[in-house]
Amino acid sequence: MGFSLGIVGLPNVGKSTLFNAITKAGAEASNYPFCTIDPNVGVVTVPDERLEVLSMISGSKQLLPTAIEFVDIAGLVKGASKGEGLGNQFLANIREVSAIVHVVRCFENSQVIHVDGSVDPIRDIDVINTELILADLQTVEKRVQAVQKKAKGGQDKEAIAQFNCFSRVFEALSAGKPARAVDLNEDEEKMIRQISLLTFKPVIYAANVSEEDIISGEDNNFVKRVKEFVKSENNEVVVISAQIESEISQLEEAEAKEFLKEMGMKESGLSQLVGSSYKLLGLITYLTTGEKETRAWTIRKGTKAPGAAGVIHTDFERGFIKAEIVAYEDLKSAGSMAKAKENGTVRLEGKEYIMHDGDVVVFKFNV
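Residue positions within a chain follow its written sequence, with the count starting from 1. Per-residue local features are limited, in this predicted model, to residues with pLDDT of at least 70; the limit for side-chain atom pairs, both in listing and counting, is 80 or more; totals at the level of whole chains, interfaces and linings are taken over all residues. Each side-chain value is derived from all of the structure's non-hydrogen atoms; neither hydrogens nor water enter the calculation.

### Things to note about the packing of helix H4 (residues 121-152) against helix H8 (residues 221-230)
- In this analysis an axis means a line fitted to C-alpha atoms, helices contributing only their contacting stretch, and an angle means the value between N-to-C directions, from 0 to 180 degrees. For the purposes of this entry, the term helix denotes a DSSP run of H or I that reaches at least four residues, the term strand denotes a run of E that reaches at least two, and both are numbered from the N terminus. Closest axis-to-axis distance for the H4/H8 pair is 9 Å, and the angle between their directions is 45 degrees. Here H4 is positioned oblique relative to H8, judged by the angle of their axes. Along the contact surface, H4 presents Pro121, Ile122, Ile125 and Asn129, while H8 presents Phe222, Arg225, Val226 and Phe229. Any angle between 65 and 115 degrees counts as roughly perpendicular, while under 35 counts as roughly parallel, over 145 as roughly antiparallel, and the rest as oblique. The contact rule is simple, with two residues in contact once any of their heavy atoms fall within 4.5 Å.

### Some words on the sheet that holds strand E5 (residues 99-105)
- For two strands to be treated as a pair, DSSP must find at least two bridges joining them. If you trace the six strands from one edge of the open sheet to the other, you get E2-E4-E1-E5-E6-E7, paired in mixed fashion. Where the open sheet ends on each side, the last strands, each with one partner, are strand E2 (40-45) and strand E7 (236-240). Going from strand to strand, the sheet's axes swing by 25 degrees on average, the running direction of each strand aside.
- The pairing of E5 with strand E6 (residues 203-208) spans six bridges and is classified as parallel. Bridge pairing in E6 links Val104 to Ala207.
- Against the sheet, helix H1 (residues 15-23) engages strand E1 (4-8), E2, strand E4 (67-72), E5 and E7, with an angle of about 155 degrees to E4.
- Those strands touched by H8 are E5, E6 and E7, and its axis lies near 165 degrees from that of E7.

### Some words on unusual backbone geometry
- Phi at Asn12 is positive, roughly 65 degrees, even though this residue is not glycine.
- The backbone phi angle of Ser196 is positive, close to 50 degrees, even though this residue is not glycine.
- Of note, Ser196 is situated in the loop between helix H6 (186-194) and E6.
- Only protein chains enter the accessibility calculation, which uses a 1.4 Å probe; a residue whose area is less than 20% of its type maximum is buried, one above 50% is exposed, and one in between is partly exposed. Note on Ser196: relative accessible area 26%, which makes it partly exposed.

### Points about the packing of aromatic side chains
- Side-chain rings of Phe, Tyr and Trp, where Trp is taken by its six-membered ring, are said to pair if the distance between their centres is within 6.5 Å; with planes under 30 degrees apart they count as stacked, over 60 as edge-to-face, and otherwise as tilted. In the structure shown here, the tally under the stated rule is six aromatic pairs.
- Taking 6.3 Å as the distance between ring centres and 65 degrees as the angle between the ring planes, the aromatic pair formed by Phe320 and Phe363 counts as edge-to-face. With Phe320 in strand E10 (residues 320-327) and Phe363 in strand E12 (residues 359-365), this residue pair connects regions lying 43 residues apart in the sequence. For the pair shown, Phe320 and Phe363 are each scored as buried.
- Put simply, the rings of Tyr286, Trp297, Phe320 and Phe363 pair up and form one aromatic cluster.

### Quick word on the environment of Ser336
- Residue placement: Ser336 occurs in the loop between helix H14 (328-334) and helix H15 (337-343).
- What Ser336 contacts, discounting residues up to four positions off in sequence, is Ile57 and Leu331.
- From its side chain, Ser336 meets the backbone nitrogen of Lys339 in a polar contact 3.0 Å long. By the criterion applied in these results, polar contacts are pairs of N or O atoms within 3.5 Å in which, for protein atoms, one can donate a hydrogen and the other can accept it, and in which residues neighboring in sequence qualify only through two side-chain atoms.

Right, here's the structure in full:
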């Protein structure tokens with residue numbers, strides 16, 4: 001399965017610099033608002049050291065990591081939901097993504113103009129959130145009006161359920177709360193997903209700090225305020241330096257690893273964003289390996305073996321018989337599939353088996 005992250009934020013917070021760095025796509029990043037006039041899309045591979053280990057075990061000819069799509073969406077400003085700045089055309093782009101990466105400026109720099117004249121991450125977060133809430137209000141209001149007449153008749157159960165659900169979400173939005181703050185059951189969540197509400201999407205707040213702050217490893221006051229704010233939400237905060245990510249993007253893989261080591265960083269901003277997005281979206285990775293290729297596949301937590309097989313090909317799901325599975329760590333320790341079988345760590349699983357992150361799989365099927 002594929003998924004995408006939409007990068008949003010006020011102008012000049014480091015949004016496009018970060019996008020350029022992690023995708024090496026070269027979007028314009030000039031020091032003025034609205035330099036990103038069309039949404040830029042970059043597909044990047046997801047870092048996974050397990051692939052290299054498995055390829056050595058299997059003698060694979062190629063490695064195929066899973067991928068994630070980043071969409072750089074033009075800087076929003078106050079009034080965007082009413083057409084200010086670049087308006088609703090860019091709010092529409094956010095509707096298509098799986099989750100939002102909200103880049104928040106947490107650094108001082110007199111050379112980089114802030115659209116509001118000063119650095120205040122909570123104010124900036126509020127501006128973006130307000131615009132997304134206002135845009136969602138318009139969407140939900142139309143839905144309420146569309147089903148209201150049918151619901152009042154008392155006969156259309158589906159219309160009644162939709163009216164009740166949309167009305168509750170509308171009340172929350174009217175009170176300045178995001179749609180994700182509303183307590184919904186499984187059926188109601190499906191209704192909301194169908195209308196692609198912006199504030200129903202999970203959010204990763206990317207606190208963009210200076211190079212000095214990353215090196216020191218200490219949270220500055222801006223970052224501390226962002227982390228305190230996010231405590232009230234079921235979202236993530238990743239502290240990054242778009243400038244450092246830009247420098248890393250110019251290096252070869254081996255050089256990048258050495259650079260991170262010298263900087264005292266355990267992982268790059270990209271790795272942190274990917275890890276946070278997997279956690280927020282409830283995603284895991286399973287692996288396949290052989291002489292031809294070693295490959296990573298992304299699925300949702302809770303996916304059963306036939307569904308995971310279907311990610312490779314629908315025929316695999318349709319004709320699923322069994323799945324031969326070994327945990328990555330067990331295979332790594334054994335050094336070969338033959339040795340893992342000898343150790344008794346390879347097992348056959350059926351249709352009800354729920355996949356785990358790091359499962360190394362061979363699917364048995366018959367079509």
